[in-house]
Amino acid sequence: MRVTPRGFDTEFDPAQVFDDPTEMDLRPGADNCYKCSTCDTSCPVAEVDDDFPGPKFQGPEQWRLKKGDDRDIDPSITDCSNCMRCDNVCPSSVPLSQMHNTARGEYVEGQAPSLWSAEDALADGEFREALSYLRGVPSELSIEFVRNRVLSNYGTMAGLGSEVPRLTNLVMGSRVTKWVNDRFFGITAERDFPEFATQTFREWWRERGGPKVESADKRVAYFHGDYSNYNTPEVAKAMVRVYEFFGYEVRVPTQRCSGTPMFANGMLRDARRAAAVNISNLSDFVDRGYDVIASCTSCSMALGQEYPELFDIEGTQEVSTHTYEALEYLRIHEDLEDELRDADVEFPDLAYHAPCHARNQGLDRQAVELFGELDSLEVEDVGDSCSGISGTYGWKTEKYDTSMQIGEEMFEHMHDATGETGLTECPTCAMQMGHGTGYEIRHPLEVVEAALVDQ
Ligand code: SF4
Ligand code: SF4
């Protein structure tokens, strides 16, 4: 023992909170948090739901106390909508959404361990082992788990539904289907299911015969995502026509969902499988000199940020570095403002909402700045609030009220704006905008198409 001039004993045995401190699983960035609570005050869910403990607790506070094999995750992680606004405001660059996605994945992993093991065994061709795991599945599965898995694998359901789009629209739009979905599966009856197009974007692309422009140096691989393919092919067609107007060769690689709804529902294994397909196909194009373009800001977010944060698949970083949102890319490589300045566009005045995932990529003002050049069109930004739907979040019966409370500010500002048509880059924000106001919602690429291509 040593005594200092002030008489304090400076030697002490640190308290051993954990049996073996080397087992601690301190995630990168967890110790950067200095508890300023800025993230908590910017969280739209925490603002309307007093029971939600907020991003600081879901992220660094939990990770600081975790051991490597500790899978004891607080269930409130499923109340986080994955809007990623907390990422954007942290002054200390704590990777909050990466922590949330990882925690949600671990939580969901623990909900159906036999199912995941059976799927792994099947993938390895171990049929007998898969069968032994499958016996444990029925006792583990909950309706909530099945609902979340179905919602997060929207592309699979949409692929089936779009085989007979008119019939699917009829069935999904019926009051009986909505009641059954709400009552038995927890999918809210308050919303109208998005209609399937009678021709998907990929069908149109094949019928068209692929690209109309070839170029040795202006080449892009288009990541259209499921929603533009099955529900709003007019957005994907606008993307193709606008890029071809500027002389780009557009290719449409085989692709799966970007994974955004899977991250938000903790289905990380599904997301990894989808990412493996996307990275493999997109990196082939990147190697041949193509950049990757997405018309949905959540898709560009997934390819650009979430894949490298969560997966170690070969080619991930390469694809991430070459991924851009569609207008962002044109603004970098073309004088889009100049092209638009003299254009005379016939389009209704617009109320623009910046999706949270656009904000996270620094793209939240671009549509307003860009269309401000057009004399024939007024575009008003309706503020920086969250729309509240966050993909599949607002589709869940138990989350619907929270989702609408979050969206209230955006609805009010849309009603205050001159334009009675909405504008946004995100398909689910568009659903919420339309649901809360009754307005028709358009994509910025459709405005550019109307200004430059449809002359
Ligand atoms: S904003 Fe960042 S530093 Fe502040 S409490 Fe949240 S995670 Fe910690
Ligand atoms: S991602 Fe959004 S909902 Fe989730 S904790 Fe962060 S700010 Fe809140």
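Residues numbered from 1 in each chain as written. Chains lettered and ligands numbered in written order. Predicted model: local features only at pLDDT ≥ 70, side-chain atom pairs only at ≥ 80, totals over all residues.

## Some words on the overall build of the protein
Broken down by element type, the protein carries 26 helices and eight strands. Computed over the C-alpha atoms, the radius of gyration of the protein is 24 Å, within 12% of the 23 Å expected from 2.2 N^0.38 for a compact globule of 455 residues. For the protein, the spread of C-alpha atoms along the principal axes amounts to about 85 × 65 × 45 Å. Counting every position in the protein, which comprises 455 residues, the buried fraction comes to 45%. In the protein, the share of contacts with a sequence separation of at least 24, taken over all contacts with a separation of at least 6, comes to 75%. (Helix = DSSP H or I, 4+ residues; strand = E, 2+ residues; numbered from the N terminus. Rg over C-alpha atoms; globule rule 2.2 N^0.38 Å. Buried ≥ 20, exposed ≤ 12 C-beta atoms within 10 Å, placed from the backbone. Contact = placed C-beta atoms within 7 Å.)

## Some remarks on the sheet that holds strand 3 (residues 291-294)
An order of 2-1-3-4 is seen for the four strands of this open sheet, with the pairing classed as parallel. One side of each edge strand has no neighbouring strand; the edge strands of this open sheet are strand 2 (249-251) and strand 4 (323-325). Along the sheet, successive strands turn relative to each other by an average axial angle of 35°, direction set aside. Pairing between strand 3 and strand 4: three bridges, direction parallel. Counted as the bridge partner of I293 is Y324 from strand 4. Running at roughly 100° to strand 4, helix 20 (residues 326-333) makes contact with strand 3 and strand 4 of the sheet. (Pairing = 2+ DSSP bridges. Axes fitted to C-alpha atoms, helices over the stretch in contact; angles between N-to-C directions.)

## With respect to the site of ligand 2
Around ligand 2 lies a shell of 14 residues, among which C43, P55, C80, C83 and C86 are the nearest. With three residues, helix 5 (residues 96-109) is the largest single contributor of residues to the shell around ligand 2. By residue class, the composition of the shell around ligand 2 is eight nonpolar, five polar and one charged. (Near = placed C-beta within 6 Å. Nonpolar A, V, L, I, M, F, W, Y, C, P; charged D, E, K, R; others polar.)

## Focus: the nonpolar core
One finds V220, M239, I293, L303, A326, Y352 and M414 to be the most contacted residues of the largest nonpolar core, which totals 86 residues. Split by domain, this core shows at least three residues from each of two domains, domain 2 (201-333) and domain 3 (337-453). Setting aside anything within four residues of it in sequence, one finds I293 in contact with V220, Y222, F223, Y324, A326 and Y329. Of all hydrophobic cores here, the second largest spans 21 residues; its members include W63, I77, C86 and I406. (Core = buried A, V, L, I, M, F, W, Y, C linked by C-beta atoms within 7 Å. Domains from an automatic or database assignment.)

## A look at the environment of S97
Mapped onto the fold, S97 is located in helix 5. As for S97 and F263, which are separated by 166 residues in sequence, their C-alpha atoms are 9.9 Å apart. Beyond its immediate stretch of four places on either side in the chain, S97 contacts N82, M84, C86 and D87.

## Things to note about the site of ligand 1
Not every one of the 14 residues close to ligand 1 is listed here, only the nearest: C33, C36, C39, C90 and V94. Every element with two or more residues in the shell around ligand 1 is listed here: helix 1 (38-42) and helix 3 (55-64). The greatest single-element share of the shell around ligand 1, amounting to three residues, is contributed by helix 3. Considered class by class, the residues forming the shell around ligand 1 number eight nonpolar, four polar and two charged.

## Some points on the domain arrangement of the protein
Examined at the domain level, the protein breaks down into domain 1 (21-109), domain 2 (201-333) and domain 3 (337-453). The C-alpha-based centres of domain 1 and domain 2 are spaced at 29 Å. Taken together, the residues of the side of domain 1 that touches domain 2 sort by class into three nonpolar, five polar and one charged.

## What to know about unusual backbone geometry
The residue K35 is not glycine, and still its phi comes out positive at about 60°. Relative to the helices and strands, K35 resides in the segment before helix 1. Residue K35 is classed as exposed on the basis of its C-beta count, with 11 C-beta atoms lying within 10 Å. For N82, which is not glycine, the phi dihedral falls at a positive 65°. By the element assignment, N82 lies in the loop between helix 3 and helix 4 (85-89). Since 23 C-beta atoms lie within 10 Å of it, N82 is described here as buried.

## Observations regarding the pairing of strand 3
Where strand 1 (residues 219-223) lies against strand 3, four bridges are found, and the strand directions are parallel. Along strand 3, the bridge assignment pairs V220 with D291.

## A few points about the environment of Y329
Of note, Y329 is situated in helix 20. Assessed through the 21 C-beta atoms surrounding it within 10 Å, Y329 is described here as buried. Spatially, the C-alpha atom of Y329 lies 37 Å from that of G173, the residues being 156 residues apart in sequence.

## Regarding the environment of H415
Tracing the sequence through the fold places H415 in helix 24 (residues 400-416). H415 sits 33 residues away from V382 along the chain, and the two C-alpha atoms are 9.2 Å apart.

## Quick word on helix 24
Across its 17 residues, helix 24 extends 24 Å between first and last C-alpha, which sits within 8% of the 24 Å expected from 1.5 Å per residue. G407 marks where helix 24 bends most, by close to 45°. Residues of helix 24 that are buried: Y400, T402, S403, I406, G407, M410, F411 and M414. Among the structural elements, helix 2 (44-48), strand 5 (350-352), strand 7 (421-423) and helix 25 (427-437) are those in contact with the buried residues of helix 24. (Expected span 1.5 Å × (residues − 1). Bend = angle between axes of the 7 residues up to and from the residue.)

## Brief notes about the packing of helix 3 against helix 5
Look at helix 3 against helix 5: their axes get within 9 Å of each other, and the N-to-C directions meet at 80°. Between helix 3 and helix 5, the crossing angle belongs to the class labelled roughly perpendicular. Contacts between helix 3 and helix 5 involve P55, Q58, G59, Q62 and W63 on the former and, on the latter, L96, M99, H100 and A103. Classifying every residue of the contact of helix 3 with helix 5 by side-chain character gives five nonpolar, four polar and no charged. (Parallel < 35°, antiparallel > 145°, perpendicular 65-115°, else oblique.)

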